[in-house]
Amino acid sequence: SPVIMIKQLTSLFTYANDIGYRNWVKYAAKNKMEQAKVWKEVRDNSVYLKDRKYDSILNTIETYTDSGMKKFVPHPAKEWAMNFLMWTTKKGDIGAIMLGGLPNYSYYKAEFKKKNPGATEQQAIDYAIKKFERDTKRTQQSSDLQDKDILQTSNPLVRAANMFLTTPKQYLRKEIQAVRSLGKKIKQWDRNAGKGSVKDNMRTLLTYHVFMPVLFQYVSAGLPGL
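Each residue is numbered by its place in its chain's sequence as written, counting from 1. It should be noted that, the model being predicted, local features are given only for residues of pLDDT at least 70 and side-chain atom pairs only at 80 or more, the latter also being counted only at that level, while totals for whole chains, interfaces and linings use all residues. Side-chain measures here rest on the full set of heavy atoms in the structure, leaving out hydrogens and waters.

Colleague: What is the right way to read the packing of aromatic side chains from this model?
Modeller: Two numbers describe a pair of aromatic rings. These are the distance of the centres and the angle of the planes. Note on aromatic contacts: the rings of Phe and Tyr and the six-membered ring of Trp form a pair at centre separations within 6.5 Å, being stacked when their planes are under 30 degrees apart, edge-to-face when over 60 apart, and tilted otherwise. Evaluated as defined, the whole model comprises six aromatic pairs. Between Phe13 and Phe211, the ring centres sit 4.7 Å apart and the planes meet at 70°, which makes this aromatic pair edge-to-face. Taken together, the positions of Phe13 in helix 1 (residues 2-19) and Phe211 in helix 12 (residues 198-220) put the pair 198 residues apart, joining distant regions of the chain. Note on exposure labels: buried denotes an accessible area under 20% of the residue type's maximum, exposed denotes more than 50%, and partly exposed covers the range between, all computed with a 1.4 Å probe on protein chains only. On the basis of relative accessibility, which here comes to 35%, the residue Phe211 falls in the partly exposed class. Between the aromatic rings of Tyr171 and Tyr208, the centroid separation amounts to 5.1 Å while the plane-to-plane angle is 55°, which identifies the pairing as tilted. Of this pair, Tyr171 sits in helix 11 (residues 166-188) while Tyr208 is found in helix 12, placing the two residues 37 residues apart along the sequence. For Tyr171, a relative accessible area of 6% translates into the label buried. For Tyr208, a relative accessible area of 1% corresponds to the buried category. Through a chain of ring-to-ring contacts, the aromatic side chains of Tyr27, Tyr107 and Tyr108 assemble into a single cluster. Working definition: helices are DSSP H or I runs of at least four residues, strands are E runs of at least two. Numbering for both runs from the N terminus.

This is the structure we're talking about:
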């Protein structure tokens, strides 16, 4: 579906921005030699992915308390039917995260081993999983309350108007972070001020303010020219 296609395409670029496009391409190529192993490693160790897999898809696209969810879908059979109908969307969501995020995971794991040669394999996995989940929560449609603003946790009418807006709001936060860091560098006239390098912040700003919105519109328009 167009929604799944957009998510899979955008996940590639948002994950790549976090580690740099060159690093993302490098580790994406390396992963092809052991794709099943890396996939299973992340799947078995990431609690966040397990939550997205087994929780209702409504928790990902909306925000409901337990009591609110019971009111919305009071009968277990009705919830099962809804999850069954949304099965392809759910698989597309997990697939997009794994497709875009596995190179990040492998990059973080390799960097940890390089800096900590005496560390165990599980320590490297735990470190990489935390970084992978951080990247996922910051740029992908998140179901966590901490990743949503007051408009997305307000009354039902306001929530309905903000459905599917978690990702655009996350993109805006990334833009603000980049602009704030660049502002500090300019104000202090010091390229080391603020977080990240000038290059990293410029890449983040262009990715989330220009490239991602254009990509959304291009896919939504039906990929004109192809």
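The structure having been displayed, the exposition proceeds.
Colleague: How should I be thinking about a positive patch on the surface in this particular structure?
Modeller: A contiguous patch of positive charge, built from Lys26, Lys30, Lys114 and Lys115, is present on the exposed surface. Of all the secondary-structure elements, those providing two or more residues to the positive patch are helix 2 (21-31) and helix 8 (87-115). For Lys30, the location among the structural elements is in helix 2. For Lys30, a relative accessible area of 45% gives the class partly exposed. Within the patch definition used here, like charges are joined within 9 Å and nonpolar side chains (Val, Leu, Ile, Met, Phe, Trp, Tyr) within 5 Å, considering only residues with over 30% relative accessible area and no salt bridge. All accessible-area figures derive from a Shrake-Rupley calculation using a 1.4 Å probe, and residue coverage is judged against the displayed protein chains alone. Salt bridges are defined by distance alone: a side-chain nitrogen of Lys or Arg within 4 Å of a carboxyl oxygen of Asp or Glu. Neither His nor the chain ends contribute to the count of charged residues, in which Lys and Arg are positive and Asp and Glu negative. The atom standing in for a charge is NZ when the residue is Lys, CZ when it is Arg, CG when it is Asp and CD when it is Glu.

Colleague: What exactly am I supposed to notice about the environment of Ala96 here?
Modeller: Looking at the element boundaries, Ala96 is found in helix 8. Given the relative accessible area of 0%, Ala96 is considered buried. Each C-alpha atom, one on Ala96 and one on Ser11, is 6.1 Å from the other, the two residues being 85 residues apart in sequence.

Colleague: Just to check I follow, could you spell out the packing of helix 9 (residues 121-139) against helix 11 for this structure?
Modeller: Each pair of packed helices gets described by two things: the angle between the helix axes and the distance between those axes. Contact pair helix 9 / helix 11: the axes reach a minimum separation of 7 Å and the direction vectors enclose 110°. Considered as vectors, helix 9 and helix 11 are oriented roughly perpendicular to each other. Counting all contacts with helix 9, which are made through Lys137, Arg138 and Thr139, the residues of helix 11 involved are Thr167, Gln170, Tyr171 and Lys174. To obtain each axis, a line is fitted to C-alpha atoms, and for helices this fit is confined to the stretch in contact; angles are then taken between N-to-C directions over 0 to 180 degrees. The scheme is simple: roughly parallel for angles under 35 degrees, roughly antiparallel for over 145, roughly perpendicular for 65 to 115, oblique for anything else. Contacts are assigned to residue pairs with any non-hydrogen atoms lying within 4.5 Å of each other.

Colleague: How should I be thinking about the packing of helix 11 against helix 12 in this particular structure?
Modeller: At their nearest, the axes of helix 11 and helix 12 sit 9 Å apart, and the two run at 150° to each other. In terms of axis orientation, helix 11 runs roughly antiparallel to helix 12. The two elements helix 11 and helix 12 meet at a crossing, and its hand is left-handed. Contact residues: Tyr171, Lys174, Glu175, Gln177, Ala178, Val179, Ser181, Leu182 and Lys185 in helix 11; Val198, Asn201, Met202, Thr204, Leu205, Tyr208, His209, Met212 and Phe216 in helix 12. Along the lines of polarity and charge, the residues of the contact of helix 11 with helix 12 split into ten nonpolar, five polar and three charged. Helix crossings fall into two classes, left-handed where the near helix is turned counterclockwise from the far one by less than a right angle and right-handed where it is turned clockwise. All amino acids are sorted into three groups, where Ala, Val, Leu, Ile, Met, Phe, Trp, Tyr, Cys and Pro are nonpolar, Asp, Glu, Lys and Arg are charged, and the leftover types, Gly among them, are polar.

As far as function goes, none of this settles anything; it's purely spatial.
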